[in-house]
Amino acid sequence: MVAVTSQYPFGICPQFHGNSRLLSPETDFSALNFPYRLGYSRLTLHPKGHVAEIRYLPHAGDFTGENEPTPILDAIESPMNLKNLSTKELKQLANEIRSELSFIIAKSQKPSSSSLTVVELTVAIHHVFHAPVDKILWDVAEQTYAHKLLTGRRQIMQALEKSNGRPVAAPDFESGFDPFGVGHGCNSVSAGLGMAIARDFKGKRDRVVAVINNETIMAGQVYEAMRNSGYLDSNMIVILNDSRHSLHPKVEEASKIPINAFSSTLSKFQSSKLFRRFRELAKVLTKKIGKGMYEWAAKVDEYARGMIGPPGSTLFEELGLYYIGPVDGHNIEDLVCVLNEVASLDSMGPVLVHVITKEELEVGDNQMNAVANKIMEGVSISDTIPCGNRTYSDCFVEALISEAERHKDIVAVHAGMGMEPSLHLLKDVFAEKFFDVGMAEQHAVTFAAGLACGGLKPFCIIPSAFLQRAYDQVVHDVDRQKVPVRFIITSAGLVGSDGPIHCGAFDIAFMSCLPNMIVMAPSDEVELSHMVATAALLDDRPVCFRYPRGALSVMEHSFSGIPIEVGRGRILTEGKDVALLGYGSMVQNCLRAQSLLSKLGVEVTVADARFCKPLDIQLLRQLCKNHSFLVTVEEGSIGGFASHVAQFLSLDGQLDEGIKWRPITLPDNYIEQASPKEQLAVAGLTGNHIAATALSLLGRTREALLLMC
């Protein structure tokens, strides 16, 4: 029985894709039995009300395609079904999951090897622990795909996101098997420790398991959480999925950690009750003998474990976690054995299990290639690879390389999870002048400040959502001291399939409130090149500019940027009826709105603000003087560019003189994943929405509604 409700008092027209079956608006959903699972997709504005599209989400057996048979996976409805499976059946289940994920990933044409590395580990975790009573936390969303398949969400994984073919991501708390939000990295150990302490206060006995990986151990929060967990000594299990095969910071200089019969036996011995109890007994005895003997025994234990363990393993012991490993992450028998021993200990304190996995399994690659070949049969390369779609990052890299030829002191610092392809080019060209610090954004900001104090010109490249982590350093280590760090804020605004996890909605607001910060945003690739040149010349204070993901609106050849006057905007088109003042990439949507309005006889001025701070107050006064209506547009949250405009208009008395002003910003809520076009429509930032706002100001409400239909 499925009941479909809506907060809007309008008829709902459900449409079943695949079955081509329509139900009338008069259908009583509360009394209707549906033989299929339904996914509530979206509400779209319709002249006669709100129309809800309901997508059919297939059951596991309904999924069509050329995937391999998965009889064991088909029988899994929850992790409880794994408890009675034999080792042989668990291995077969892992193979079926890898086949399923390979099929889904190949069909989406967005390979994600990280989801395949943890298949056996995920199977072993759910075989040993009892989720959702036991809490399983993940640091990275891409590693949760196998976890979703085993926790009753197979149909969600199989329903590829229609607009871009990406597997549907997991919203936070979409299931009882997700005790904490996943996606942004480095939070699982901190959250898990909090849950463990809360469990201890309440006298419960459930287990807490946090799974981290090579990228997340670059973040300082992970080590802060580990050190605190060692101090609090609460029972907790941290599993490090090491797909790099090394704890050495420079993988190319490190030897691979061996996985063999000796390491397997050692890991089992380390995790055994007998060894753990013997170790605890030895601690008690040496304490009774005396402090000196206890410290000597502790050093002997540390040296012994350091000699037989891999390089870097003693770090976790120093932080207070009992180290077990390395364990073969693709050997289910070893994983189950070690995890069973760890789970059975009642007073173990925090434990780190070091699991070695391979990003490129031979079987996984063969399955991936076979499925990809089947899917791509009859599809030309031109159908799958867009030609000539230059991105803002491409333009930025070209502009920065050009500036570096004139300014030999330019260096680049990058932080965040992964790098865009164009930034890899910058890394190759800059060589020793490019510093990639990984998921250590706080360090990146202060490191860049140190470079600037040393006489260099650092360009600190950080995605908007990741810069949020380093805000304290931006305030105290850069802005308060007026250190000339140049912040390049990538992935600004809406980010399509990554949804709210990587959405850069807040950088305009939190950067523009800083007293010494220059805040600007380019409207196209030409302006981006100019702003790179401008930033290179500023040596007395910090500066930042943002740019979005996606292709450029203007396709021009590369050229050298020309520095622009700080705080000076520009007028692109002039008209007498309405003024549209755009900030950043939204200038292009203002031009689209101007084109629509011109067809309706409305003359529009479109201005490019360029700067949020300092504002071009002369431009604002000119727009207010020559127009009765002003609309500001930005792809940022409330409290950003529009707030600075409002502050000036009110203090300058412009609102008292009759100017009618409307701000268009991102809505005050998180926008879930969709195509960029769909997200802009949901946010009300398309050219049509801007034009409709202008028509409403002019009193032409009916035309505004028709424009939105």
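Data block above holds the structure.
Here goes a summary of the coordinates provided. Just so it is clear, the model here is predicted, and its values are computed rather than measured.

Conventions used here
- Residues numbered from 1 in each chain as written.
- Predicted model: local features only at pLDDT ≥ 70, side-chain atom pairs only at ≥ 80, totals over all residues.
- Heavy atoms only, no water.
- Helix = DSSP H or I, 4+ residues; strand = E, 2+ residues; numbered from the N terminus.
- Buried < 20%, exposed > 50% of the residue type's maximum accessible area, 1.4 Å probe, protein only.
- Core = buried A, V, L, I, M, F, W, Y, C linked by side-chain atoms within 4.5 Å.
- Contact = heavy atoms within 4.5 Å.
- Pairing = 2+ DSSP bridges.
- Axes fitted to C-alpha atoms, helices over the stretch in contact; angles between N-to-C directions.
- Phe/Tyr/Trp six-rings, centres within 6.5 Å; stacked < 30°, edge-to-face > 60°.
- Right-handed = clockwise from strand over helix to strand, strands pointing away.
- Salt bridge = Lys/Arg side-chain N within 4 Å of Asp/Glu carboxyl O.
- Arc of directions from axis to C-beta.
- Parallel < 35°, antiparallel > 145°, perpendicular 65-115°, else oblique.
- Left-handed = near helix turned anticlockwise from the far one by under 90°.
- Polar contact = N/O pair within 3.5 Å; in protein donor to acceptor, adjacent residues only side chain to side chain.
- Nonpolar A, V, L, I, M, F, W, Y, C, P; charged D, E, K, R; others polar.

### Observations regarding the environment of Asn626
The residue Asn626 is located in helix H24 (residues 617–626) in this model. What makes Asn626 partly exposed here is its relative accessible area of 43%.

### Overview of the nonpolar core
Across soluble globular proteins, you tend to see nonpolar side chains buried next to one another. Core analysis: the biggest nonpolar cluster contains 72 residues, and Met226, Phe487, Met511 and Leu630 have the highest contact counts within it. Every residue in contact with Leu630, bar those within four places of it in the chain, is listed here: Ala579, Leu581, Leu620, Leu623, Cys624, Leu649, Ile659, Lys660, Trp661, Arg662 and Leu697. Membership of the second largest hydrophobic core comes to 49 residues, among which are Ile76, Val119, Val336 and Val353.

### Thoughts on the sheet that holds strand E18 (residues 604–608)
Taken together, five strands build an open sheet; the order of strands is E16-E18-E17-E20-E21 and the sheet is mixed. Edge positions in the open sheet fall to strand E16 (570–573) and strand E21 (660–664), since each of these has one partner strand only. For this sheet, the mean inter-axis angle between neighbouring strands, taken without regard to orientation, is 25 degrees. The pairing of strand E17 (residues 578–582) with E18 spans five bridges and is parallel. Pairing of Leu581 across the sheet is with Ala607, part of E18.

### Here we look at the packing of aromatic side chains
Per the counting criterion, the structure on display carries eight aromatic pairs. Between Tyr392 and Tyr547 the ring centres are 6.1 Å apart and the planes differ by 15 degrees, which places this aromatic pair in the stacked class. Residue Tyr392 is found in helix H16 (residues 392–406), and its partner Tyr547 is found in the loop between strand E15 (543–546) and E16; the two are separated by 155 residues along the sequence. A residue is classified by how much of its surface remains accessible, and Tyr547, at 1% relative accessible area, is buried. Aromatic pair Phe396 and Phe545: ring centres 6.4 Å apart, planes at 65 degrees, arrangement edge-to-face.

### Notes on the pairing of E17
By the criterion of burial, E17 is predominantly enclosed, with five of the five residues buried. Residues Val578, Leu580 and Gly582 of E17 are buried on one face, and the alternating residues Ala579 and Leu581, pointing to the opposite face, are buried as well. As for the winding sense of the linkage, the β-α-β connection from E17 through helix H23 (residues 586–599) to E18 is right-handed. The pairing of E17 with strand E20 (residues 629–633) spans five bridges and is parallel. Looking across to E20, one finds that Leu580 is bridged to Val631.

### Describing the pattern of salt bridges
Taken as a whole and judged by the stated rule, the model has 24 salt bridges. Its salt-bridge partner being Glu565, residue Arg568 comes within 3.5 Å of it at the nearest N-O pair. You can call Arg568 partly exposed: its relative accessible area is 27%. Of the charged contacts, one joins Arg700 and Glu703 as a salt bridge, the two residues approaching to 2.5 Å between their closest N and O atoms.

### Here's the deal with helix H17 (residues 421–430)
Where H17 is concerned, the buried positions are Ser422, Leu423, Leu426 and Phe430. When H17 is viewed along its axis, its buried side chains cluster within an angular range of 100 degrees and face the same direction. The exposed set on the far side of H17, more than 90 degrees from its buried face, consists of Pro421 and Asp428. As for H17, its buried residues are in contact with H16, strand E10 (410–414), strand E11 (434–436) and strand E12 (457–463). At the C-terminal side of H17, Ala431 shows a positive phi close to 55 degrees.

### Observations regarding the packing of H16 against helix H22 (residues 525–537)
Where H16 contacts H22, the two axes come as close as 9 Å, and the packing angle between them is 40 degrees. Here H16 is positioned oblique relative to H22, judged by the angle of their axes. Relative to H22, the crossing made by H16 is right-handed. Along its contact with H16, which presents Tyr392, Cys395, Phe396, Ala399, Leu400 and Glu403, the element H22 presents Glu525, Leu528, Ser529, Val532, Ala533 and Ala536.

### Examining the sheet that holds E15
With mixed pairing, the seven strands of this open sheet are ordered in space as E11-E10-E12-E13-E15-E14-E19. Looking at which strands have only one partner, the edges of the open sheet turn out to be E11 and strand E19 (611–613). Taken pair by pair, the neighbouring strands of this sheet meet at an average axis angle of 20 degrees, ignoring direction. Packed onto the sheet, helix H18 (residues 441–453) meets E10, E11, E12 and strand E13 (486–490) and runs at close to 165 degrees relative to E12.

### Some points on unusual backbone geometry
Between Ala131 and the following residue, Pro132, the backbone shows a cis peptide bond with an omega angle of 5 degrees. Along the chain, the position of Pro132 falls in the loop between helix H4 (119–128) and strand E5 (135–138). Note the cis peptide between Lys613 and Pro614, where omega equals 0 degrees. In this structure, Asp233 is a non-glycine residue whose phi angle is positive, near 60 degrees. If you check the backbone angles, Arg610 has positive phi at about 65 degrees while not being a glycine. Looking at where Arg610 falls in the secondary structure, it is placed in the loop between E18 and E19. Judged by its relative accessible area of 11%, Arg610 is buried.

### Description of the side chain of Thr605
Looking at where Thr605 falls in the secondary structure, it is placed in strand E18. A distance of 2.8 Å separates polar atoms of two side chains, one belonging to Thr605 and the other to His627.

### Focus on the environment of Pro458
Following the sequence through the fold, Pro458 ends up in strand E12. Look at Pro458 and you get buried, because its relative accessible area is 0%. Counting along the chain gives 45 residues from Pro458 to Val413, while the straight-line C-alpha distance between them is 6.8 Å. Excluding anything up to four places from it in sequence, Pro458 contacts Val411, Ala448, Leu451, Ala452, Pro484, Val485 and Arg486.

### Quick word on the packing of H18 against helix H20 (residues 471–479)
Direction vectors running N to C along H18 and H20 enclose 10 degrees, while the axes themselves pass 9 Å from each other. Regarding the angle of H18 to H20, the classification is roughly parallel. In this structure, H18 uses Gln442, Val445, Thr446 and Ala449 to contact H20, whose residues at the interface are Gln473, Val474, Asp477 and Val478. Tallied by class, residues from the contact of H18 with H20 come to four nonpolar, three polar and one charged.

Function-wise, these values are silent; they only describe arrangement.
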